[in-house]
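# Descriptive structure summary
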Amino acid sequence: RGAGGRRGLREQGTMSGDVVTQATYSLAGEDHTLGNSLRFMLNKNPHVSFAGYSVPHPADELVNVRVQTTGAPAQEVFRSALTDLIAVCGVLKDSFNAAVAEYEKGTAMEED
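In this report, we go over the structure that sits alongside the text.

Definitions and limits used
Residues numbered from 1 in each chain as written. Predicted model: local features only at pLDDT ≥ 70, side-chain atom pairs only at ≥ 80, totals over all residues. Heavy atoms only, no water. Axes fitted to C-alpha atoms, helices over the stretch in contact; angles between N-to-C directions. Helix = DSSP H or I, 4+ residues; strand = E, 2+ residues; numbered from the N terminus. Parallel < 35°, antiparallel > 145°, perpendicular 65-115°, else oblique. Contact = heavy atoms within 4.5 Å. Nonpolar A, V, L, I, M, F, W, Y, C, P; charged D, E, K, R; others polar. Expected span 1.5 Å × (residues − 1). Buried < 20%, exposed > 50% of the residue type's maximum accessible area, 1.4 Å probe, protein only. Polar contact = N/O pair within 3.5 Å; in protein donor to acceptor, adjacent residues only side chain to side chain. Pairing = 2+ DSSP bridges. Phe/Tyr/Trp six-rings, centres within 6.5 Å; stacked < 30°, edge-to-face > 60°.

### A look at the packing of helix α1 (residues 32-43) against helix α2 (residues 74-111)
- Close contact between α1 and α2 brings their axes to 9 Å; oriented N to C, the two are set at 110°. By the angle class used here, α1 and α2 are roughly perpendicular. Facing Leu34, Ser37, Leu38, Met41 and Leu42 of α1, the residues of α2 in contact are Val77, Phe78, Ala81, Leu82, Asp84, Leu85 and Val88.
- Class assignment of the residues belonging to the contact of α1 with α2 gives a composition of ten nonpolar, one polar and one charged.

This is the structure we're talking about:
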C-alpha cells in the first residue's frame, strides 16, 4: 500500500425478495492478498454460490469482491468470511511465533 493510500469499504447489492443475496464490495487500499484470501474463505461457505474478486487496474489500490449466495444475506456471509480470515491469521501468527521461539531456544542451546 502506498503512503497516500486510503482505506475504505463500499457495498453495492441486488435484492432477492427482502434479502440482498448478491453484492460487490469495493475495498480501497487493498490488493490481491486480501482479495484472494477473501475469495477463498467465501467459497468455503456452503451458502455461497459464487465468489470472486478483481483488481480493476494495477495502479489502483482497489479490490472488488463479488459474492452471490443461495439465499443468505450477502453482508452476513461477507462478514463471516472476514471473521474466519481473522481467526486463521491469528492461528498462523501463533504458530509462527511458537516456531520462532523454538528455533531461538535451539540456537541458544547450541551456543552454550
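### Re α2
- Its 38 residues place the ends of α2 55 Å apart at the C-alpha level, agreeing with the 56 Å of an ideal helix rising 1.5 Å per residue.
- Ala74, Val77, Phe78, Ala81 and Leu85 are the residues of α2 that are buried.

### Structural notes on the side chain of Thr69
- Mapped onto the fold, Thr69 is located in strand β4 (residues 62-69).
- A polar contact is formed between the side chain of Thr69 and the backbone nitrogen of Gly71, at a distance of 3.3 Å.

### Brief notes about the pairing of strand β1 (residues 8-16)
- Looking at chain direction, β1 and strand β2 (residues 19-28) are connected through nine bridges and run antiparallel. Considered in β2, the bridge of Gly13 is made with Ala23.

### Observations regarding the environment of Thr83
- Position of Thr83 relative to the elements: it lies in helix α2.
- The exposure class of Thr83 is partly exposed, given its relative accessible area of 47%.
- For the pair formed by Thr83 and Met41, sequence separation is 42 residues and the distance between their alpha carbons is 9.7 Å.

### Focus on the packing of aromatic side chains
- Under the counting rule described, the total for this entry stands at one aromatic pair.
- Here Tyr25 and Phe78 contribute two aromatic rings whose centre-to-centre distance is 4.0 Å and whose plane-to-plane angle is 10°, an arrangement assigned as stacked. Residue Tyr25 is found in strand β2, and its partner Phe78 is found in helix α2; the two are separated by 53 residues along the sequence.
- Exposure remark for Phe78: the relative accessible area of 4% places this residue in the buried category.

Remember, this is a structural readout, not a statement about activity or role.
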